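A closer look at the structure
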Amino acid sequence: MAAPGRAGPALRAALCALLCLALAAAARGRPSPVKVLSDGMWRELLQDEWMVEFYAPWCPACESLQPEWEKFAEWGEDLGVNVAKVDVTEQPGLSGRFIITALPTIYHCKDGEFRRYQGARNKAAFINFINDKEWKSIEPVSSWFGPSSFLMSSMSALFKLSMWIRHGHGYLTENLGIPVWGSYAVFGLATLFLGMVLGLLMVFLADCICPSKRHRAPQLQPQPRKQGPEPAHLLRSRYEEQEGEEGDVSDEEAEGKEGSRRDSSPRGVRQRPVPRAAPLQKS
């Protein structure tokens, strides 16, 4: 009689353990309601309503937030909001678009407007933030610094480049066995080469768009036609004509002077001759 009584509690304990393992397996097998975003999916944030968490696996605050974030995601369908998360170590492009400087960081996105959530980090606060539309009291991010702006797109490209350099450094040092200083030397030479190529390209484009004066095509202007040297006989005849003209001018001037003298002198006045009277004859 004692043996069956002792076996009862042990059997119940074993059944409870099996039930817990089954529940844990079922929880693991159930897909998470939290969506995982990547760099290529960021345009989905421009439509509908989203709550996005930026986290890192090594961040203790991010780990403590995960259970509350999972519970909030279960209410996402009822609230009409998409709950997502972004791993900044794997998706540098998205973290660059939003300029993530602290972890965890939560953003509210609705119809292309982005607001940073700074309230309490628990399920109830998240639900109230969406249900009561508390996000309306927060000023949205300026369009100049929005994820879809040119500035943030450039920042995203820089973040991707930095991650690519990091992976390249790890490949050179870990897989190929190159020392750290050798990896730095490789990247330094590559940077100098790319800078030289880009500099030459910019100079070429600038010279094509705004050419310098010495490289400009000279503008042809009509020049007066040069006359060749005249023959000797033409020069001699022209000289004689000039001397003849000067002689005529001097003769005319001399005659003019003499005429003026005669006109001005009293003797030069011409007197009309008076005929003499005939003598009287005596008778």
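The rules behind the values
- Here the residue numbers are simple positions, counted from 1 along each chain's written sequence.
- For this predicted model, a pLDDT threshold of at least 70 governs which residues receive local features, and a threshold of 80 or more governs which side-chain atom pairs are given and counted, while totals over whole chains, interfaces and linings are taken from all residues.
- With hydrogens and water set aside, each side-chain value is computed from the structure's full complement of heavy atoms.
- Comment: elements are numbered from the N terminus, with helices defined as DSSP H or I runs of at least four residues and strands as E runs of at least two.
- Residues count as neighbours in contact if any of their non-hydrogen atoms are within 4.5 Å of one another.
- Candidate patch residues must exceed 30% relative accessible area and have no salt bridge, after which like charges are joined if within 9 Å and Val, Leu, Ile, Met, Phe, Trp or Tyr side chains if within 5 Å.
- Each accessible area value is a Shrake-Rupley result obtained with a 1.4 Å probe; residue values ignore everything except the protein chains displayed when judging cover.
- A pair is scored as a salt bridge if a Lys or Arg side-chain nitrogen falls within 4 Å of a carboxyl oxygen belonging to Asp or Glu.
- Note on exposure labels: buried denotes an accessible area under 20% of the residue type's maximum, exposed denotes more than 50%, and partly exposed covers the range between, all computed with a 1.4 Å probe on protein chains only.
- Pairing between strands is defined by DSSP: at least two bridges between them are needed.
- Across the chain, each position has a pLDDT score giving the predictor's confidence in that residue, from 0 to 100.

Digging into the environment of N82
In this fold, N82 is placed in strand 3 (residues 82-87). With 27 residues separating them in the primary sequence, N82 and C109 have C-alpha atoms 9.5 Å apart. Ignoring anything within four residues of it in the chain, the contact list for N82 reads K35, D48, E49, W50 and M51.

Notes on a nonpolar patch on the surface
On the surface, F193, L194, M196, V197 and L200 cluster together into a nonpolar patch covering about 520 Å² of accessible area. Mapped onto the elements of the fold, L194 is located in helix 7 (residues 180-209).

Quick notes on unusual backbone geometry
Glycine aside, the phi torsion of most residues is negative, and most peptide linkages are trans. A cis amide bond, omega -10 degrees, links L103 with the succeeding residue P104. Structurally, P104 can be placed in the loop between helix 4 (92-98) and strand 4 (105-110). Look at D48: it is not a glycine, yet its phi comes out positive at around 65 degrees. Phi at D111 is positive, roughly 55 degrees, even though this residue is not glycine. Take D111: it is sitting in the loop between strand 4 and strand 5 (113-117).

A word on the pairing of strand 2 (residues 49-55)
Within strand 2, seven of the seven residues are buried, which leaves the element mostly enclosed by the surrounding structure. Residues of strand 2 alternate between two faces, with E49, M51, E53 and Y55 on one and W50, V52 and F54 on the opposite face, all of them buried. With six bridges joining them, strand 2 and strand 4 adopt antiparallel strand pairing. Looking across to strand 4, one finds that E49 is bridged to K110. Note that strand 2 and strand 3 share six bridges and pair parallel. Bridge pairing in strand 3 links E53 to K85.

Remarks on the pattern of salt bridges
Taken as a whole, this structure holds two salt bridges when the rule is applied. Between E49 and K110 there is a salt bridge, with the nearest N and O atoms lying 4.0 Å from each other. Taken together, the residues E49 in strand 2 and K110 in strand 4 connect sequence positions 61 residues apart. Judged by its relative accessible area of 10%, E49 falls in the buried class. Close ionic contact of E113 with R115 constitutes a salt bridge, the shortest N to O distance being 3.1 Å. When its relative accessible area of 38% is taken as the criterion, E113 is described as partly exposed.

Some thoughts on the confidence of the model for the protein
Mean pLDDT over the protein works out to 75, with 63% of the residues at or above the 70 mark. Per-residue pLDDT stays below 50 along residues 1-5; that stretch engages in zero contacts with residues further than four places along the chain or on separate chains. This stretch, residues 264-270, has a pLDDT under 50; its non-local contacts, to residues over four places away or in other chains, come to one contact.

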